[in-house]
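# Understanding the architecture of this molecule
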Amino acid sequence: MAIDKIDTDTESHLMADHQEDGKFGDFGGRFIPESLIPACRDLEEAFYEAFADKTFTDTLDHLLKTYAGRPTPLTYCGNLSEKLGIKLFLKREDLTHTGSHKINNVLGQALLAKRMGKKRMIAETGAGQHGVAAATAAAIFGLECVVFMGAVDVSRQALNVFRMKLLGAKVVPVTSGSATLKDAVNEALRDWVASVETTHYCIGSAMGPHPYPLIVRQLQRILGDEAREQYREVAGEDPDFVVACVGGGSNAIGTFAGFVDTKSRLVGVEAAGGAAMHNGIPGVVHGMRSRFLQDESGQILEAESISAGLDYPGIGPEHAYLGEIGRAQYSFVGDEEVIAAFRVLSETEGIIPALEPAHALAYILRSVKEGTIPRSSSVLMTLSGRGDKDVAQIMEMLEL
Ligand SMILES: *Cc1c(COP(=O)(O)O)cnc(C)c1O
């Protein structure tokens, strides 16, 4: 089924079209146990039906507006622009309820779960950000919520674990494998096999088996569509560069969806320790074919960076595809550049960013210095989340 089943009135916004089997070129697809295939098919069907139903889209729009705080502003960074000699704009997902773009995805998926008559929602989480967002959405929709989280992460992220519990969710520590995010995804898939009748699996990024990469892109494209419209309103054209950080790739794919058919150069920025685009090898993990950090025997490696939200050892399949066909470029930055960028935005613009989008800014700072983003360029960056969650961690590293 083609994506234009959803977006018939915004044909100019069509992304790289996936094929019937959920493939983006050689990437994507549906590599799951037999027992989950009907569930993925049902979900796909429900998704197309829901987005063709005005009652559903109106309800979602209303929630995004009155609960999540959309549309988020586009902010011109006057001070930093002057300093760098470019024009820098930020799409402010940090100003949403719960403080990041993740709310766009979970509200849509929870509404879909409700529509499908599910009573229970499960989710995986690494640092806890998606777990908190999923628990939030489950709370408003009255869904039972269970979040799988690596035992190592549970002990590292006590505050988010407590938040999820406050929101009424149950947190299940996963002790298999390395007891981190990739193991939490496996455990969530295992639960889903046994509970699929009553349960929706709310995946947290533009990854997993078809139709998830498509659903998550559709739910996140609101930020790219808004940004495009807002930018055109102030500048009368499209930006030269569109930059977003990439963990699994949901804020970036939502951003890119708004600009893929323009002349804007699209750049995804990974953490150096999780650079699946550069160091990853094609493989099949978590239900999809994409690029993953692997050792010689195909074991998935741990991604490691200062920012827990970018610690996914793979990348969503559509990014693997956009990179392969050259429509988007992918780069990576190291922790030190990220801390510098975190400080620069705080000091020059009064905005403390999350460490994840600080990666995108670090790329911009470096590219301006190296001249790969030329002077006078216009740059739109997605500020995917606010930095409150990261301040304690940075405080341990910095003497001010
Ligand atoms: C989770 C998170 C990310 C990474 O996830 P994507 O799916 O790649 O967008 C980026 N920024 C923030 C603020 C996050 O919470």
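Our subject in this report is the structure included herewith.

Analysis parameters
- Residues numbered from 1 in each chain as written.
- Predicted model: local features only at pLDDT ≥ 70, side-chain atom pairs only at ≥ 80, totals over all residues.
- Heavy atoms only, no water.
- Near = heavy atom within 4 Å.
- Polar contact = N/O pair within 3.5 Å; in protein donor to acceptor, adjacent residues only side chain to side chain.
- Areas by Shrake-Rupley, 256 points an atom, 1.4 Å probe, with all protein chains shown as cover.
- Nonpolar A, V, L, I, M, F, W, Y, C, P; charged D, E, K, R; others polar.
- Buried < 20%, exposed > 50% of the residue type's maximum accessible area, 1.4 Å probe, protein only.
- Helix = DSSP H or I, 4+ residues; strand = E, 2+ residues; numbered from the N terminus.
- Pairing = 2+ DSSP bridges.
- Right-handed = clockwise from strand over helix to strand, strands pointing away.
- Axes fitted to C-alpha atoms, helices over the stretch in contact; angles between N-to-C directions.
- Expected span 1.5 Å × (residues − 1).
- Arc of directions from axis to C-beta.
- Contact = heavy atoms within 4.5 Å.

Turning next to the site of the ligand. In the vicinity of the ligand, 17 residues are found, and the nearest of them are Lys102, Ser205, Gly247, Ser250 and Ser384. Between Ser205 and the ligand, the recorded distance is 2.6 Å, taken from a side-chain N or O atom to an oxygen atom. Here an oxygen atom of the ligand and a backbone polar atom of Gly247 are 2.7 Å apart. Bound to the protein, the ligand loses 97% of the 380 Å² it would expose on its own. Tallied by class, residues from the shell around the ligand come to 4 nonpolar, 11 polar and 2 charged.

With 6 of 6 residues buried, strand β5 (residues 120-125) is to be regarded as a mostly interior element. Neither face of β5 is left uncovered, since the one carrying Arg120, Ile122 and Glu124 and the one carrying Met121, Ala123 and Thr125 both have all their residues buried. Here β5 runs beside strand β6 (residues 144-150); their pairing, made up of 6 bridges, is parallel. Note that in β6 the partner of Glu124 across the bridge is Phe148. Chirality of the crossover, the property in question, places the unit of β5, helix α5 (residues 129-141) and β6 among those that are right-handed. Two elements, β5 and strand β8 (residues 199-201), share 3 bridges in a ladder whose sense is parallel.

Further remarks concern the sheet that holds β6. Two orientations exist for strands paired in a sheet by backbone hydrogen bonds: parallel and antiparallel. The parallel open sheet is built from 4 strands, whose spatial order is β7-β6-β5-β8. Each of the sheet's edge strands pairs with one partner strand only, and the pair in question is β7 (170-174) and β8. For this sheet the average axis-to-axis angle between neighbouring strands, irrespective of direction, equals 25°. Bridging between β6 and β7 involves 5 bridges; their strand directions are parallel. Note on β7: the bridge partner recorded for Gly150 is Val174.

For helix α2 (residues 54-66), built from 13 residues, the straight-helix expectation of 18 Å at 1.5 Å per residue is met to within 8% by its first-to-last C-alpha distance of 18 Å. Those residues of α2 that fall on the buried side of the exposure criterion are Phe56, Thr57, Leu60, Leu63 and Leu64. The buried residues of α2 occupy an angular sector of 125° when the element is viewed end-on, so they sit on one face. Turned more than 90 degrees off the buried face of α2, the exposed positions are Lys54, Thr55, His62, Lys65 and Thr66. Lining the buried residues of α2 we find α1 (37-51), α4 (102-115), α5 and α9 (212-235). Backbone nitrogen of Thr55 and a side-chain oxygen of the N-cap are separated by 2.8 Å at the start of α2; the cap is Asp53.

Shape is all these values report; function is a separate question.
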